[in-house]
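Coordinates in review
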Amino acid sequence: MQLFNLPSKAQYYSTNSFKSLIIISCFGCMIYLVCSNFLAPNNTNNKHFHTSIALQNDDGNSPTQTNLDHVVFGIASNELSWSKRKEYVKLWWKSNKMRGCVFLEKMPLFSSNYTNNETDLPPICISEDTSHFKYTHKGGTSSAIRVARVVSETVALNHSNVRWFVFGDDDTIFFPENLVKTLSKYDHGFWYYIGTNSESFMQNKFFSYEMAFGGAGFAISNPLAKVLAKVFDSCIERYPHLYGSDGRIHACLTELGVGLTREPGFHQMDFHGNVFGMLAAHPLRPLVSMHHIEKIDPIFPNMTTGKALEHLYNAASFDPHRILQQTVCYDRWFSWTVSVSWGYAVQVYNKNVLFPNVQRVQESYAPWKSSHLGGLYDLDTNKYAFDPCRRQLVYFLDSVSSGINGTETVYTKKTSDKCKFDMSSPRRLEKIRVLSNKLVLDKKQLLAPRRHCCDVLLPSASGNIMEIGIRECKEDELINMEQ
């Protein structure tokens, strides 16, 4: 007979205690795993918090790189203006790459079946009736409500694979490559409201420094746009007293707790007349948009507004990221200062002008509003000498070409003057040739941009042609006459 040794009481309790410890530990692990899955924040679904950190992958071969396929446009217009202003939209609209609508209050006479009958324009969408919304601002029109609702009606088009919604007026012109490059800095999964203010102090003071002015264009990330569209109608009921559409959009985004992310490549252009000073001193960011095309002079002399804009877009097609980018160098032999605004103009000063002063915007334009505050701007400015013999020489873009050695732009005088000069004066120059390589901005350059440098190359045998080479600056290079 086999004998069994029964455990003692101490051994019995010790074994049961060990088993209990194992059971309790396993139960605790199960509770931890459940809590981790169901109670912890889900990062993939919680991306709507506003952030200033750019997380976008900038690898050009990556499927996550933002491009025009990820953007939907909402363009505000009306029946009367569309027949003329559609010509501005034609300059930048790419039907094979872009999605969106131009919103009108009713179908214009020249169109039918909700199309433009032209393949180089966006389709027409008819705005919904907004007559039930109150509008009480005495200085405006109730159409501001219809235009504001372009945001929610564009979202309602229900396009797929959207990262950004971009809005503008029918006289807003965009530079599409620079638009998507600028937006690529930001993670489209977060809540972003991107645009800019007016250049006018009075406009900003009256409306808001925190508002993206609609004419400059603005972008709203997809998750934010969807939430805004849900609450927009109930929100604008509280703002019948506001003047414009952009004020209503700003008010509702403010109620959602979202602030403006400023991008200086968007331009409201609240000016009249000659905007040379602003274009020649563009910020160190890609040119994204321009506005009020009908309120300003043609940007190139001796051209119509349309032809002048075509001329600029032609230059941009060669090197979109470089268009209007300002580069300054010095001719130390003659003590000249040379400022290149690529694809637009070259200025030659017959003296040493310190670089910070060359960067200032020259007040060549007239104020948007004629009042004692109308001439105040939220820009660093210099006075503009209207006597051509007292100001620097300006050479405007004549032609652009590209080859194995890069891109060549040629700038010539477009106006004549009767100023006296000697052989040491830059007035003897008839043509300026600028050589550069195509600028391709990566994420680092977008986040921490640095201006390029340039060199005045050997003069021509005749002495009436200047050559300039644009290049990256050396690590410790300073841009000044003495360097």
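Residues numbered from 1 in each chain as written. Predicted model: local features only at pLDDT ≥ 70, side-chain atom pairs only at ≥ 80, totals over all residues. Heavy atoms only, no water.

Some remarks on the overall build of the chain
Here is the rule: Secondary structure elements follow DSSP: runs of H or I of four or more residues count as helices, runs of E of two or more count as strands, with numbering from the N terminus. Burial status follows relative accessibility: with a 1.4 Å probe on protein chains alone, a residue under 20% of its type maximum counts as buried, one over 50% as exposed, and anything between as partly exposed. Whether two residues are in contact is decided by their heavy atoms, any of which lying within 4.5 Å being enough. Accessible surface is estimated by sampling points in the Shrake-Rupley manner with a 1.4 Å probe; for residues, cover comes only from the protein chains shown.
Within the chain, the secondary structure is distributed over 12 helices and 21 strands. Looking at the chain residue by residue over its 483 residues, the buried ones come to 50%. Long-range pairs, those at least 24 residues apart, make up 68% of the contacts in the chain between residues at least 6 apart in sequence. Roughly 24,500 Å² of accessible area belongs to the chain as shown, and the carbon and sulfur atoms make up 55% of that amount.

Quick look at the state of the cysteines
The test is simple: Defined by distance alone, a disulfide is two cysteine sulfur atoms within 2.5 Å.
For the structure on display, the rule yields 5 disulfides. With a sulfur-sulfur separation of 2.3 Å, Cys329 is cross-linked through a disulfide to Cys454. Torsion about the S-S bond of the Cys329 and Cys454 cystine: about -105°, corresponding to left-handed handedness. Taken together, the residues span a long stretch of sequence, with Cys329 in strand β11 (residues 326–331) and Cys454 in strand β20 (residues 453–456) at a distance of 125 residues.

Observations regarding the environment of Asp270
Note the following rule: Two N or O atoms form a polar contact when they lie within 3.5 Å of each other; inside protein one atom must be a possible hydrogen donor and the other a possible acceptor, and for residues adjacent in sequence the pair counts only when both atoms belong to side chains.
As for its placement among the helices and strands, Asp270 is situated in the loop between β8 (261–262) and β9 (271–273). Asp270 sits 96 residues away from Ala366 along the chain, and the two C-alpha atoms are 9.4 Å apart. Not counting residues within four places of it along the chain, the set of residues in contact with Asp270 comprises Ser198, Glu199, Ser200, Gln203, Phe213, His292 and Trp368. For Asp270, the side chain forms a polar contact with the side chain of His292, separated by 3.4 Å.

Description of the pattern of salt bridges
This is how it is decided: Just to be clear on terms, a salt bridge is a Lys or Arg side-chain nitrogen sitting within 4 Å of an Asp or Glu carboxyl oxygen.
Applying the stated criterion to the full structure yields 22 salt bridges. Residues Lys185 and Glu263 are paired through a salt bridge, measuring 2.6 Å at the closest nitrogen-oxygen approach. With Lys185 in the loop between α5 (176–183) and β6 (193–195) and Glu263 in the loop between β8 and β9, the pair connects residues that are 78 residues apart, well separated along the chain. Across the pair Lys307 and Glu310 runs a salt bridge whose closest N-O atoms are separated by 3.8 Å. Here Glu310 and Lys307 lie together in helix α10 (residues 305–318), a separation of 3 residues that amounts to about one turn. The network of salt bridges with common partners includes Lys84, Arg85, Asp170, Asp171 and Glu294.

Re α5
For an α-helix, the turn length of 3.6 residues means that residues three or four places apart are oriented alike. Buried residues dominate α5, accounting for 7 of its 8 residues. Listed in full, the buried residues belonging to α5 are Pro176, Asn178, Leu179, Val180, Lys181, Thr182 and Leu183.

Side note on the sheet that holds strand β3 (residues 124–126)
Formally: Only when DSSP finds a minimum of two bridges between them are two strands counted as paired. Here, axes are lines fitted to C-alpha atoms. For helices the fit covers the stretch in contact, and angles between N-to-C directions go from 0 to 180 degrees.
Spatially, 7 strands are ordered β3-β2-β1-β4-β7-β6-β8 in an open sheet, and the strand pairing comes out mixed. This sheet does not close on itself; its edge strands, each paired only once, are β3 and β8. With 6 bridges joining them, strand β1 (residues 71–76) and strand β4 (residues 164–169) adopt parallel strand pairing. Looking at β4, one finds that Ile75 is bridged to Gly168. Here helix α2 (residues 79–92) sits on the sheet and contacts β1, β2 (99–104) and β3; the angle it forms with β2, its principal contact strand, is near 155°.

Here we look at the pairing of strand β12 (residues 336–341)
With respect to burial, β12 is a largely interior element, 6 of its 6 residues being buried. Across the two faces of β12 the burial is the same, with Trp336, Val338 and Val340 and Thr337, Ser339 and Ser341 all buried. Pairing of β11 with β12, which is carried by 6 bridges, proceeds in the antiparallel orientation. Opposite Cys329, over in β12, you have Val338 as the bridge partner. Remark: 4 residues form the turn of the hairpin made by β11 and β12, two consecutive strands paired antiparallel; Ser335 in that turn has positive phi of roughly 60°. Connecting the antiparallel pair β12 and strand β13 (residues 345–349) is a turn made up of 3 residues, with Gly343 showing a positive phi of about 80°.

A word on the environment of Asn158
Locating Asn158 in the fold gives a position in the loop between α4 (150–155) and β4. For Asn158, a relative accessible area of 65% gives the class exposed. Sequence spacing of Asn158 and Val72 is 86 residues, and the spatial spacing of their C-alpha atoms is 10.0 Å.

Let's talk about the confidence of the model for the chain
Rule in force here: pLDDT expresses, on a scale from 0 to 100, how confident the predictor is about each individual residue.
Across the chain, the average pLDDT comes to 87, with 84% of residues at or above 70. Between residues 1–15, whose pLDDT stays under 50, and residues either more than four places distant or in other chains, the model counts 0 contacts. Scored below 50 in pLDDT, residues 37–62 shows 47 contacts in the model against residues more than four places distant or in partner chains.

Description of helix α8 (residues 245–255)
For α8, the buried fraction is high: 9 of the 11 residues fall into the buried class. When we look at burial in α8, the residues that qualify are Ser245, Asp246, Gly247, Arg248, Ile249, His250, Ala251, Cys252 and Leu253. Its buried side turned inward, α8 meets α3 (143–148), α4, β6, β7 (218–221) and α7 (222–236). Two residues or fewer after α8 comes Gly257, characterised by a positive phi angle close to 85°.

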